[in-house]
Amino acid sequence: MALSPPPSQEQFDRLLQALSAEREQAGERYEAIRLKLIRFFSWEGLRDPDLWADETLNRTAMKLAEGAQIEKLDAYLFGVARFVAKEALRAETRETTLRDEVELPQTGSHLEDSRASQCLNQCLNSMPKRTRDLILGFYQGDAQARIRNRSALAASLNLNLNALRNRALRVRQNLEKCVLSCLERDTSRPIRTKGDAA
Amino acid sequence: MNEAVQYLLGRMTEEERDAFQERFFADPELFATVESAEVDLLDAYNRGELNAEDRGAVERFLLSSEGQRQRLLVSRALQNHRPSRVWQYAAVALAALLCIGWFSLLKNRGASIEPTVAEQVAVLELPPVAARTSAGLPRLSTQPPSATRLEFRIAFSPALDAPGLKGSFRNGEGKEVASAAARRDANAFVFRFSRGSIPPGAYELAFLDASGTALGFTYFILE
């Protein structure tokens, strides 16, 4: 599957302009849409969701540059995304069949787990206590404990379960973002172990 | 939520899938429901709560990309997280440091913990940080009983030697009763209050640095 060339600065500016007249707001909307697209391409089981999210945005930028009048940009973008997903799935299936191999998920090494755990602690400690209690209460424990915790949390915050779920999801997404960027920062830095010199 | 799980596990026909995609792109609330279901599936996968079929579907549909596998790492860290562990380690380390300081202080003072009486000030030696023992909380008595001021002292420890160190005295309900900046003398941190500011009762004393981060705690009952 041939990918679109990256948009020129002018094409990119036109896309931002279509998202919002205010540059800063346009940037924020661009990021939000891109994250939503990445999530969607992940759900579609694609190996490189970021690539397909960018492809969707590039195609839309080019369409705008051609002078197309797009009334509902979000709806248009998501329509393009669904086409891109179908094409990408076909391409990835063909590629997998040709290579005759399927990648299995990595379970994560002890070192990776240890890094993730350190980053999680850092990120949790940077949160206000109430937010930290919310996320730990909402997502930790076995199935029975979670049901009990969630009901108790909802009651204590005076929220219904749906509203609580949405709030917990936003906190979880921010936490994931924080941990992943911490992991990225730490990738090239070895973890100090007990035997290392200070 | 069920519909979202069916979608995420690849159990919809192509027509159902198309229709569902169209709906969640148009409805932010439904999109959030799918996101939430995804997080729950990843957590359940980590906890081993899924049957073999669902497990296979999660691997096939939700763990294809490196980014998703990283999210699984976060999920596992969150499941294994023990909130108090860091503080337990810190408290044990601080307690060890302060024990050393505490005993050297006693030694310097001729192994006496008797409060000195000066200008009707009751001097109360605080137990080391994290000194909550199975024998119960240490009891501090106000001597002389007629003291109008209370002076709390805790052995100097480098671990507590932060700029702007402050002591927050909290009652049994966790409510701050009084707080004061720490003064430093030769071998102790000192907090002074008028007698009425700290009524008798059980206390947690939190040592806070200038940013409000707790560096350690100690517990006692003021008689």
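Structure first, text after, so check above.
Just so you know, these numbers come straight off a predicted model, no measurement behind them.

(A) View of the overall build of chain B. A count of helical and extended segments in chain B gives six helices and nine strands. Taking all 223 residues of chain B together, 45% fall into the buried category. Counting contacts in chain B only where the partners sit at least 6 residues apart, residues at least 24 apart contribute 63% of the total. Just so you have it, chain B exposes about 10800 Å², and 54% of that area is on carbon and sulfur atoms.

(B) Spatial organisation of unusual backbone geometry. The linkage connecting Q143(B) with the following residue, P144(B), adopts the cis geometry, with an omega of -5 degrees. Locating P144(B) in the fold gives a position in the loop between β2 (139-140) and β3 (149-155). The phi dihedral of N158(A) falls on the positive side, at around 60 degrees, and the residue is not glycine. Here N158(A) lies in the loop between α7 (143-157) and α8 (161-186). Classification of N158(A) by relative accessible area gives exposed; the value is 72%.

(C) Highlighting the interface of chain B and chain A. Residue-level contacts link 47 residues of chain B with 45 residues of chain A. A combined buried area of about 4200 Å² lies between chain B and chain A, and 55% of that area is made up of carbon and sulfur atoms. The largest share of the area that chain B buries against chain A comes from F25(B), V74(B) and L78(B), three residues that together contribute 17% of it. The tally of links between chain B and chain A comes to twelve salt bridges. The shortest N-O distance in the salt bridge between E35(B) and R170(A) comes to 3.8 Å. For the pair chain B and chain A, the interface holds 18 residue pairs in polar contact (both at pLDDT 80 or more). When residues of the side of chain B that touches chain A are traced back to their parent elements, those giving at least two are α1 (2-8), α2 (14-26), α3 (28-47), α4 (52-62), α5 (66-80) and α6 (85-108) of chain B. A per-class count over the side of chain B that touches chain A returns 19 nonpolar, nine polar and 19 charged.

(D) Inspection of the environment of A210(B) at higher detail. All names here are of chain B. Along the polypeptide, A210 turns up in the loop between β8 (201-208) and β9 (214-222). You can call A210 exposed: its relative accessible area is 65%. Separated by 45 residues in the primary sequence, A210 and L165 have C-alpha atoms spaced 6.2 Å apart. Ignoring sequence-local partners within four residues, the contact set of A210 consists of P163 and G164.

(E) Structural context of the layout of surface pockets. Roughly 1400 Å³ of volume is contained in the largest pocket. In terms of lining, the largest pocket is formed by 45 residues, of which the most central are L35(A), K36(A), I38(A), R39(A) and K177(A). Breaking the lining of the largest pocket down by element, the ones donating at least two residues are α2 (23-43), α3 (49-65), α4 (73-99), α5 (110-125) and α8 of chain A together with α2, α3 and α5 of chain B. By residue class, the composition of the lining of the largest pocket is 14 nonpolar, ten polar and 21 charged.

(F) Up close: the pairing of β9(B). Residues and elements named next belong to chain B. Counted residue by residue, β9 has seven buried out of nine residues, so it is predominantly covered. Sheet topology places β2 next to β9; two bridges connect them, and they run parallel. Residue R139 lies in a different strand from β9, and its bridge partner there is I221. Note: β8 against β9, eight bridges, orientation antiparallel. When the sheet's bridge partners are listed, A202 is paired in β9 with I221.

(G) Representation of the sheet that holds β9(B) in the model. All names here are of chain B. The strand order β2-β9-β8-β4-β5 describes an open sheet built from five strands, whose pairing is mixed. The open sheet has two edge strands with one neighbour each: β2 and β5 (176-181). Across five bridges, the pairing between strand β4 (residues 166-170) and β8 is antiparallel. Within the sheet, the bridge partner assigned to R170 lies in β8 and is E204.

Conventions adopted
For every chain, the first residue of its written sequence is number 1, and the numbers climb from 1 along that sequence. For naming, the first written chain is A and the first written ligand is 1, with later ones following in the order written. pLDDT decides what is reported in this predicted model: residues at 70 or higher carry local features, side-chain atom pairs at 80 or more are listed and counted, and totals for whole chains, interfaces and linings draw on all residues regardless. The side-chain values count all of the structure's non-hydrogen atoms but skip hydrogen atoms and water molecules. Each helix is a run of H or I in the DSSP string that is no shorter than four residues. Each strand is a run of E no shorter than two, and both are numbered from the N terminus. Exposed residues in this analysis have more than 50% of their type's maximum accessible area, buried residues have under 20%, and partly exposed residues fall in between, with area computed by a 1.4 Å probe over protein chains only. In this description, contact between two residues means that some pair of their heavy atoms is separated by no more than 4.5 Å. We get accessible surface area from the Shrake-Rupley algorithm with a probe of 1.4 Å; when it comes to residues, only the shown protein chains can shield them. For any pair of parts, buried area is found by adding up, for both, the accessible area (1.4 Å probe) each one loses once the two are put together. Should a side-chain nitrogen of Lys or Arg be within 4 Å of a carboxyl oxygen of Asp or Glu, the pair is scored as a salt bridge. Throughout this description, a polar contact denotes any pair of N or O atoms lying within 3.5 Å of each other; where both atoms belong to protein, one of them has to be capable of donating a hydrogen while the other can accept it, and for residues adjacent in sequence the pair is counted only when both atoms sit in side chains. Charged residues are taken to be Asp, Glu, Lys and Arg, nonpolar residues to be Ala, Val, Leu, Ile, Met, Phe, Trp, Tyr, Cys and Pro, and polar residues to be all remaining types, Gly included. The rule is simple: put a 1 Å grid over the protein atoms alone, call a set of points where a 1.4 Å probe fits but cannot get out a cavity, call an open set with protein on both sides within 12 Å along at least five of seven lines a pocket, and count a residue as lining if it has an atom within 4 Å of a point. Grid points are joined across faces, edges and corners, and a volume is the space filled by probe spheres set on the points. In this scheme, strands are said to pair when DSSP sees at least two bridges between them.

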